[in-house]
Amino acid sequence: MNLYLPRTPYNAVDVEERRRHLTRRAFLERSGANLGGIALAGLVAGEGSANQRTSGRLTDGLSLPQRAKRVIHLCMAGGPSHLETFDHKPKLAEIDGQPFPESFTRGQQLAQLQGAELKARGPVKAFQRHGQSGQLVSEYLPHIGAIADDLCVIRSMHTEQINHDPAHAFMNTGSTIKGRPSMGSWLLYGLGAESEELPGFVVMHSHAGRAGQPVSARQWSSGFLPSKYQGIQFQSQGDAVHYVGNPGGVCQSTQRQVIEEVKALNGMLSERQLDPEIDARIAQYEMAFRMQSSVPELTDLQDEPQHVLDLYGVETPGDGSFASNCLLARRMAERGVRFIQLYHRGWDHHNEIDRYMGVSAGAVDRASAALVQDLKQRGMLDDTLVIWGGEFGRTPMGQGSGRDHHINAFSIWMAGGGVKGGMSWGQTDELGYKFIDNDEKMHVHDLHATLLHLFGIDHEKFTHRFQGRDFRLTDVHGHVAKGIMA
Amino acid sequence: MKFRILAITSLGIFCSLSAGRAGEISYNRDVRPILSNHCFACHGPDENDREAGVRLDVFEAATAPPSGGLDSAPIVPGKPDASEMIARIEASDPADRMPPSEFLHRIDREEAAILRKWIEEGAKYEEHWSYLPVKRPKAPRATGFFIRNEIDAFVWDRLREEGIEPSKPAGRRRLARRLALDLTGLPLEPNRLEWFLAGNGESSFDALVDDLLASPHFGERMAVPWLDVVRFADTVGYHGDQPMNVFPYRDYVINAFNANKPFNQFVIEQVAGDLLENPTTEQLVATGFNRLNMVTREGGAQPKEYIAKYNADRVRTIGTAFLGSTLACAECHDHKFDPFSIRDFYRMAAFFADVKQWGVYSNYRSAPNPELEGWTNEHPFPPEIRVDSPFLKGRSAKLESELGELLLKVDGKPMSAWRGEMERFLAGSPTGWEVAGITEVKSSKGSPTRLEGKEVLVIRDKVKMKGEEKHAIVLESGESSTLAAFRIELLPHYEHGGKVTRNGLEEFSLRAELKRNGEVVPVVFADADRARQQYALGSEVRNLKKGWKSRKADARLRHEAVFQLRDPIPLEANDRLEIQISSSGVGCLRVSLSPIARHSFDESPELDALNFVSSAVEVKEFRSEAHRLREAIDGLGGGKAWTLVTMAAEPREIRVLPRGNWQDDSGELLSPGVPEFLPPIANESGRRLTRLDLAHWLVSRENPLTARTFVNRVWQQFFGRGLAPVLDDLGSQGGWPEHGELLDWLTAEFMESDWDVKHLVRTIVTSSTYRQSSQGSPELIDRDPYNSLLARQTPRRLDAEFVRDHALAVSGLLNRSLGGPSAFPYQPPGYYTPLNFPVRSYEASVGEDQYRRGIYTHWQRTFFHPMMANFDAPSRDECTAERVTSNTPQQALTLLNDPTFVEAAAHFALRAWNEGAQTFDGALDAMFRRALGRPSTQREWNRLFALYESRRGHYTKNDDELVALFSAGQSRIDPGEQSPRLAALTQVARVVLNLHESITRY
């Protein structure tokens, strides 16, 4: 099983890997070792000599069964309230407006509520039971409620970072130190891409409602992994991918010929000069040319029938709305993009939470549910993992007419990709303040461990050496939530 | 001998290479990597995480009599069979075997054999090479054509041992191109290349090196890696990622390299320039270094948490930039591989406890910072100082002279007539202002007003009113028949308790608009004598564009603001003149009118040419151009710029944060100190050490790390790899320098030459080692894939900045001016959409600013320029000592389609066409010589000629494509009849700019 060698031409051209490959080969030949006897992974991963700058140690990291092949992460940026989405807290409603019990909050970190008087705020909207599983979902999210039997709702999420920027970094990289790879980059690094014509890790944005918290490009950075593993941001304005369109006054035939000549002259150089980078460069121009047609084909939604547009609630295809992005995400999944991340900004409901919940939920509810249904209809849900959630939750204490940031509890859901539907995982206390500390608690590191597990990767064995240390997505933490696996 | 081969095989890379090296096992080269990799994590320096009390990184502990559950000492020198470590490594029972299976590390047979042999030979430990004092080793005795200096002697000696020949010298064309790109980041001008080729080998080489070292572009080239290390950027990085004012620091770095400032002084000025006696402005600018960490202004962020982040960032930077050490690891626990303790980490942080900085740069209820009361996302990030910028001064002088020349064109005759008229007016109104009578006032919210005399308006509220109120004030026109400016005075009034504000308010805001017969008359300049400074993206807003706002402290003082009209207006007797003010808090005001333009409050009514152009109704020529220049000159602030600096304040308390947890106050309180295992700072009196002590310590002759780290990085610039292979880790895990003696020799030479950077660079580039061909042979590459032995040069793709510079330089577009504010290259639209607080838009620089070198690119940390990102520039969130070099389709797309490169190609084609006597052959030759430093081969000519012919036909038929092609970027090229030819040649130029050879230095 040649799982370890990424199947994209990206791989063939990375100079570090080529050198490692060369070195390893030389080593094997000289030492007389039997090639077949050594895990192929070693070829990619190198042997971890201290003389090498970058040497991954994937040795046994991919020995597990692979349930999911790709991820669509619907990132609700700003931090949706768990109390208005998936975590039903009648007790909190009972003490609405009363002082929040100090026993919960003493010595805890707060954000904007630091130093303020703390009062309980009951849930703004009622919850309904849905489907055979009877899962409770807020009335803000009727469409998501309708697919409750496909969802694994995790209510015991918790994180360590209380401000947006570091919390996103933590959610993506498991660390707040800059320069660490994001989970999409890790996956791409470990598994390679499935598409030769599209980037393996794509990021899109949309926004509705309250002021959108900024989301930095470092959230999809490959950090210390080679930059080919970084997320590529698709734009809703201009070219979908930077510089993917031909320049003005250059038609397709001219562009094709220019690229041909670049390749031909590089080929001549390669005859004179021993430099593996030249062949790599030639391959990149071929790939670039393919991207120039495959990206527009991907983003052209004209061939999507009206009923599909309606299912997602797409008003104007390609308008940069969350609905349009969800539809694009499905097309990317079909075309083999490994990690798709849709940021939807506007969930930072410090004030007027009742109004803004309506706006935010209204913008994502139908399309999120449609994506899961559409994938299911196409038989893709089994190996596509959809994750829906923010970087943290919101306080059960009120902040004016809204809620503040909260790290001790929040809710997300997953669907497909080898995760059981129609189930709940983890709980919070009666007021939704803190996760219950049992086997079903889910720290961000645990989420990462579980995610990698679904891809057949042992999170403890999947490492990359940087600055003399073997780094993992999960650092030295992480427990796999086996109970949610189908 | 069989054993020897086994042993080195485990080292992976240098198998047969090392076979020639006789002698013992070396602890540092052979043993430490094995122990460090497999054992130290649990049996190393971290005393809080040491399994079974066994410590293997120091001789005394490793050979100590058994303790705990051990049968014998881990290591018994000379007796591998009696050593518990060997027994455990070789144990057949997995339960006894080390490392334990859950650690996922395995010691293979070869490694075990090395350890055995080492113990047999006495288990001699050596201190880690980079922590030993730098002694100058004697260069090996060597003679011959290859030996130009000591570098060659070391390299030659080692290669001889290995039985390898060095490579031939690179061809002179390649060598010249390599030198120019390595020393200036720019290609050599063709005439300079021809001069070099025609010259005598050795002396013209030296002359070329001298030339390039003396070029101002040397400083720009050397600054790029330095800016990575100090994490230089134009924005703060966290959350709203607002701009910070800091470009003078970049100028400082460029100037320092150009002036060959001794490196020790360079370091001292940056770390502690403010603590020097009577620091110069330049030394203060240098301290921007301590302010380049990412900071936040996010609401809800806790100052204490962010101060902890900033502290840790500074320690990491000192560690990576100067000590070549991964100090970051000691933030939460003692270092696992190197002898840094968690106390060392926080003692280092304590040196910076005096740096004046706010955890959160605003005054929020959740983060009270009274000093920053009223600060918004548009404000700068203090402390800052205002300094001369030669670049801005030059630009200001240029604009002044343009304005002067423009005004020389003004017709003298009507001007003297105007002057006569104005002199008569001034005889009656010497200030140039006529106070206007008020005939009528309307309040939008109905607050009562009354007039004192005809001219002074007093506003009173019965109840305290919220928000703005509008007053429409109808004026009598005065004596003058034209109006060029008006003035609003706010007067302290007894009814308002002697303040200019009403109802007990302390501050006012005001916007004013002039209407004639109901139509708004636009204002071009506005200025107030007293105002609260308004900001937009960290820069001062001029011309009261964000309104006129006062300061509390000025509430009892008279205020005035002058407004100059964009175009002066004639006044007729029955014109209805009205001033509408939107204000809050204004209590008493008076309005004056003037026929003479005034663009600042303290100007006297000059009757000069500029004011003539601005004041005389009938003169329309030159006015908007004069105003444009005037505004641009004003915007340059006299050629001064704000820049972040370090200002010392009362030191904050620094504690060990257990597990790095900022909320845990239980840790030990620490004072500044350097890592305990390194040479100490002499401090007999026991006073608190300062950043200045740290700075001197960093560059003391005894410090083993700073000079080694820097020399190693500089070496990397010229060979693609450091002598020690990991630039940011000279520690235990960082890898063995195959040419360690050479590194030490160069380091000693560097320090003893008074830290002379140009001398260091000259020594490197004049060596035969540097001048070797980068060609290599398959055998050589196979034997030494990383080129650790230096039997050849290494091809290197240009860094992102220089990929840009190269294209602009060969095309003739490059703006070669030095220093100054950041520029904005073309950028795809919408890229900043996910940014907020405030929302950002991107406007590409216009005119020559568009073609500035890559080093001046605006560095938006959260969304740095896609061209830069695609070519592996780091975001500079964190100190970065080494860039990765990738090879991706995004790079191809950038070179093919980014308007910068398309525009450059068009200009390149045009330039080559003219240089090549308007023939294809001539043009192609010019292109190749400029971009590749060589003529084309016949095969290249054949293909490119075919491309040219085919595209010439295409563009002749499809002439509708021409305009778009020649309008890339801001250019509008019109080659007329030659268009199809030049369009075709532009495609040839695109090919040349896209060649791997163009962006690689061989």
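Residues numbered from 1 in each chain as written. Chains lettered and ligands numbered in written order. Predicted model: local features only at pLDDT ≥ 70, side-chain atom pairs only at ≥ 80, totals over all residues.

In this section: the overall build of chain A. When you go through chain A residue by residue, the secondary structure sums to 14 helices and 16 strands. Relative to its full complement of 486 residues, chain A shows a buried share of 62%. Put simply, of all contacts in chain A between residues at least 6 apart along the chain, 74% involve residues at least 24 apart. (Helix = DSSP H or I, 4+ residues; strand = E, 2+ residues; numbered from the N terminus. Buried ≥ 20, exposed ≤ 12 C-beta atoms within 10 Å, placed from the backbone. Contact = placed C-beta atoms within 7 Å.)

For chain B, the count of helices and strands is 35 helices and 19 strands. For chain B, the spread of C-alpha atoms along the three principal axes comes to 115 × 80 × 50 Å.

With that settled, consider the pairing of strand S11 (residues 402-406) of chain A. Residue and element names in this part refer to chain A. Burial within S11 is extensive, with five of its five residues counted as buried. Looking at chain direction, strand S10 (residues 393-399) and S11 are connected through four bridges and run antiparallel. The partner of Arg-394 across the bridge, within S11, is His-405. Where S10 folds back onto S11 in an antiparallel hairpin, the turn is made up of two residues, including Gly-400, whose phi is positive at roughly 55°. (Pairing = 2+ DSSP bridges.)

What follows is about helix H24 (residues 740-752) of chain B. All names here are of chain B. Spanning 13 residues, H24 covers 18 Å between terminal C-alpha atoms, matching the ideal 18 Å at 1.5 Å per step. Those residues of H24 that sit buried are Glu-741, Leu-742, Leu-743, Asp-744, Trp-745, Leu-746, Thr-747, Phe-750 and Met-751. Taken together, the buried residues of H24 touch helix H8 (150-162), helix H23 (706-719) and helix H25 (757-765). Phi turns positive one or two residues past the end of H24, at Asp-754, with a value near 65°. (Expected span 1.5 Å × (residues − 1).)

As a further point, take the interface of chain A and chain B. Interface size is commonly expressed as the accessible surface area that is lost when the partners come together. The interface of chain A with chain B comprises 82 residues on the first partner and 95 residues on the second. Counting only elements with at least two residues in the side of chain A that touches chain B, the list comes to helix H2 (15-31), helix H7 (164-173), helix H9 (252-272), helix H10 (276-299) and S11 of chain A. A total of 10 residues in the side of chain A that touches chain B trace back to one element, the largest contributor, which is H9 of chain A. Taken together, the residues that form the side of chain A that touches chain B break down as 31 nonpolar, 34 polar and 17 charged. (Nonpolar A, V, L, I, M, F, W, Y, C, P; charged D, E, K, R; others polar.)

Turning our eyes to something else, we now look at the environment of Phe-719 of chain B. Along the chain, Phe-719 of chain B falls in helix H23. For the pair Phe-719 of chain B and Pro-243 of chain B, spaced 476 residues apart in the sequence, the C-alpha separation amounts to 35 Å.

Residues and elements named next belong to chain B. Relative to strand S14 (residues 559-570), strand S7 (residues 482-490) runs antiparallel, the two sharing eight bridges. Bridging across to S14, Phe-486 finds its partner in Phe-563. Note: strand S10 (residues 523-528) against S14, five bridges, orientation antiparallel. Of the residues in S14, the one forming a bridge with Phe-525 is Gln-564.

Further remarks concern the packing of helix H12 (residues 322-334) of chain A against helix H13 (residues 353-377) of chain A. Residues and elements named next belong to chain A. Running from N to C, H12 and H13 cross one another at 15°; their axes reach a closest spacing of 9 Å. By the criterion of interaxial angle, the relationship of H12 to H13 is roughly parallel. At the point where H12 passes H13, the crossing takes the right-handed sense. Here H12 contributes Phe-322, Ala-323, Cys-326, Ala-329 and Arg-330 to the contact with H13, which in turn contributes Ala-363, Val-364, Arg-366, Ala-367, Ser-368, Ala-370, Leu-371, Asp-374 and Leu-375. A breakdown of the residues in the contact of H12 with H13 according to their chemical character gives 10 nonpolar, one polar and three charged. (Axes fitted to C-alpha atoms, helices over the stretch in contact; angles between N-to-C directions. Parallel < 35°, antiparallel > 145°, perpendicular 65-115°, else oblique. Left-handed = near helix turned anticlockwise from the far one by under 90°.)

Taken as a whole, chain A shows an average pLDDT of 86; of its residues, 87% reach a score of 70 or greater. Per-residue pLDDT stays below 50 along residues 1-60 of chain A; that stretch engages in 117 contacts with residues further than four places along the chain or on separate chains. (pLDDT = per-residue confidence, 0-100.)

Taking 1.5 Å per residue as the helical rise, helix H35 (residues 979-994) of chain B with its 16 residues ought to reach 22 Å, and the 22 Å between its terminal C-alpha atoms agrees with that figure. Buried residues dominate H35 of chain B, accounting for 15 of its 16 residues.

With that out of the way, let us pick up unusual backbone geometry. Geometrically, the link from Pro-382 of chain B to Pro-383 of chain B is a cis peptide bond, its omega value of -5° lying close to zero. The residue after Phe-837 of chain B, namely Pro-838 of chain B, is reached through a cis peptide bond having omega -10°. Tracing the chain through its elements places Pro-838 of chain B in the loop between helix H28 (800-811) and helix H29 (866-870). One non-glycine residue with positive phi stands out, namely Glu-352 of chain A, at about 45°. For Glu-352 of chain A, the location among the structural elements is in the loop between strand S8 (339-345) and H13. For Glu-352 of chain A, a count of 15 C-beta atoms within 10 Å translates into the label partly exposed. Its identity as a non-glycine residue notwithstanding, Asp-241 of chain B has a phi of 45°, on the positive side. The topology assignment puts Asp-241 of chain B in the loop between helix H12 (216-229) and helix H13 (247-258).

In this model, chain B carries an average pLDDT of 92, and 97% of its residues clear a pLDDT of 70 or more. Prediction confidence for the complex, expressed as pTM and ipTM, is 0.88 and 0.90 respectively.

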